[in-house]
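# Descriptive structure summary
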Amino acid sequence: MWWSVSFDEANIPAIAKYFNTKGRYEEVNPYLREDILAVNRSILQPPLDECQQIHLTAIIRHGTRYPTTKNIKEMQQLYNIVLHNASGEQSWLHELQTQWRMWYTEDMDGRLVQKGVDELKHLAVRLSKLFPSLISEEKLRGGFIKFITSSKHRCVNSTLSFKAGLTELWHIKDMEFDHAVNDALMRFFDKCTRFLEEVDNNPSAVTEVEKFKQGPEMRRVQQKIADILNVPYSSITYDVAEAAFYLCAYEFAIRSVKSPWCELFDEDDAKVIEYASDLREFWKRGYGHDINSKASCILFHDVFSRMDKTATQNKLGQQVTEAVTVQVGHADTLLPLLTLLGFFKDSEPLTSTNYAAQAHRSFRTTHMLPYAANLVLVLSDCGGGDLRLQPLLNEKPVTFPGLTNRSSMPLYRDVLEHYSDLLKGCDFETECQLFKQPAEV
């Protein structure tokens, strides 16, 4: 059956815990290696008999995908170097030169792989086990579970996979369930002019990233790879070194194999490449620039307006019309929202010169954003008019940063108070417009 999965830990590369946004969900939740449908219901606090769950929003990153065309071109460049220029006695190098074939083709371009299909099916089943009163056959058939997705094929196919997880679980064959494509919500970063101008298309916004790529830590990794392969230092650029790292990551994520490509790196090398990736995410999607997170205002308001509508319906004793909302997007959807909410903020920003000082940083995309990463917000009625909101990230309880009450299930009104400035302001149109300089008199 499609959910019986077991995994031999000997097949896991030692560097798998540094794969950043190319990592498997199982590295974040290792218990899933033994049982892919395992859930820990004890994380739902307080005890379920005290509270009735009335709404769940899940914002989910698509599942495992093929590399993008850009990555595949860089992998091809590396493969050509190994095939035609590298020399050495290592058995793994001989394997790469004689047995391994460059099977990634440019038309794969970020499409969802079978592993990604399975991830979303499994996630759907696990969430239905964690929240059986909300994610139920009755609610699905009744139209109380809504699906929203980015237009990208990997997201649409992830949405279809999540739905298939539920319909296969409940053997539903007599109904189909719609989803809405909404890029304004799930690809807000493409619609935010100020973000595009000031950050995404502006090389000066990521100078710290470029400095680190050319710095001593990264140079050491590149030179080490060149030495192992017996090729000139000039042939192993940052992009080529990253391509080797990604080949190890993709072979593992897609095919569950410990590839010979992984032999080019030890854990110290992997930490350096992970930091380079985290730097890029920090400056392009995270705390590096204010507009990175403000671009997600539209999604932030969408989530909280739905919670408010649920709270009102519940207070009036009406049926909650949207018990569950599943929203499928990208790492670039989730990270700005997590940043806006204040998660994973370190006391010092990530820079090109504080790699060693940031060894124990909170901002690690490996932990935050594996394939199928998810932020789940559950609203519960705990009696006496007390609504509580529990956030889960990748199926683990987290606490809203900066909230005085560090409970993993704070009062909803306290959460609203904590984010009151964002709820009153944080207008997407205002934040995302380019401010023109006043004309000189």
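Please read these numbers as outputs of a predicted model, since none were measured by experiment.

This part takes up the overall build of the chain. Helix and strand counts for the chain come out as 20 helices and seven strands. Against the 2.2 N^0.38 benchmark of 22 Å for 441 residues, the chain shows a C-alpha radius of gyration of 23 Å, consistent with a compact globule. Its C-alpha atoms give the chain principal-axis dimensions of about 75 × 75 × 35 Å. Counting contacts in the chain only where the partners sit at least 6 residues apart, residues at least 24 apart contribute 80% of the total. Of the roughly 18900 Å² of accessible surface on the chain, a fraction of 49% belongs to carbon and sulfur atoms. Positive and negative side-chain charges of the chain, numbering 49 and 59 respectively, have mean locations separated by a distance of 1 Å.

Attention now moves to helix H2 (residues 69–84). The terminal C-alpha atoms of H2 lie 22 Å apart, and with 16 residues this matches the ideal 22 Å at 1.5 Å per residue to within 8%. Of the surrounding elements, those touching the buried residues of H2 are helix H3 (91–98), helix H11 (216–229) and helix H12 (238–255).

Turning next to the pattern of salt bridges. Pairing is possible between side chains of opposite charge, provided their charged atoms come close. Enumeration over the complete set of coordinates arrives at 31 salt bridges. Note that lysine 121 and glutamate 168 form a salt bridge whose closest N and O atoms lie 3.1 Å from each other. Highlighted residues: lysine 121 in helix H4 (residues 114–130) and glutamate 168 in helix H6 (residues 153–169), separated in sequence by 47 residues. Of the residues examined, lysine 121 reaches a relative accessible area of 13% and is grouped as buried. A relative accessible area of 30% places glutamate 168 in the partly exposed class. Of the charged contacts, one joins arginine 413 and aspartate 386 as a salt bridge, the two residues approaching to 3.2 Å between their closest N and O atoms. With arginine 413 in helix H18 (residues 412–418) and aspartate 386 in the loop between strand S5 (374–381) and strand S6 (387–393), this pair connects stretches of sequence that are 27 residues apart.

Between its first and last C-alpha, helix H13 (residues 267–284) extends 25 Å over 18 residues, near the 26 Å set by a 1.5 Å rise per residue. Taking burial as the measure, the 18 residues of H13 include 13 buried ones, the bulk of the element.

Examined against the element boundaries, methionine 409 turns out to sit in the loop between strand S7 (396–397) and H18. Sequence-wise, methionine 409 and leucine 379 are 30 residues apart; in three dimensions their C-alpha atoms are separated by 9.1 Å.

With that out of the way, let us pick up the sheet that holds strand S3 (residues 180–181). In space, the seven strands of this open sheet follow the order S3-S2-S4-S1-S5-S6-S7, with mixed pairing throughout. Edge positions in the sheet fall to S3 and S7, since each has one partner strand and no second. The pairing of strand S1 (residues 52–61) with strand S4 (residues 324–329) spans six bridges and is classified as parallel. The residue bridging arginine 61 from the neighbouring strand is glycine 329, located in S4.

Looking now at the packing of aromatic side chains. One pass over the full model with this rule turns up 21 aromatic pairs. Cluster of aromatic residues (ring-pair linked, three or more members): Phe300, Phe304, Phe343, Phe344, Phe400 and Tyr419. Sitting over the ring of phenylalanine 147, lysine 163 keeps its end group 5.6 Å from the ring centre. Residue placement shows arginine 285 over the ring face of phenylalanine 189; its charged tip is 5.1 Å from the ring centre.

Our focus in this paragraph is the confidence of the model for the chain. A low pLDDT score tells you not to read the predicted coordinates there in detail. Mean pLDDT over the chain stands at 94; residues scoring 70 or higher make up 95%. Counting contacts from residues 1–6, a segment whose pLDDT is below 50, to residues more than four positions away or on other chains yields 13 contacts. Here residues 436–441 is modelled with pLDDT under 50, and outside its nearest four sequence neighbours on either side it reaches zero contacts, counting other chains as well.

So, how was this worked out
Residues numbered from 1 in each chain as written. Predicted model: local features only at pLDDT ≥ 70, side-chain atom pairs only at ≥ 80, totals over all residues. Heavy atoms only, no water. Helix = DSSP H or I, 4+ residues; strand = E, 2+ residues; numbered from the N terminus. Rg over C-alpha atoms; globule rule 2.2 N^0.38 Å. Contact = heavy atoms within 4.5 Å. Areas by Shrake-Rupley, 256 points an atom, 1.4 Å probe, with all protein chains shown as cover. Lys, Arg positive; Asp, Glu negative; His and termini not counted. Charge placed at Lys NZ, Arg CZ, Asp CG, Glu CD. Expected span 1.5 Å × (residues − 1). Salt bridge = Lys/Arg side-chain N within 4 Å of Asp/Glu carboxyl O. Buried < 20%, exposed > 50% of the residue type's maximum accessible area, 1.4 Å probe, protein only. Pairing = 2+ DSSP bridges. Phe/Tyr/Trp six-rings, centres within 6.5 Å; stacked < 30°, edge-to-face > 60°. Lys NZ or Arg CZ within 6 Å of the ring centre and 35° of its normal. pLDDT = per-residue confidence, 0-100.

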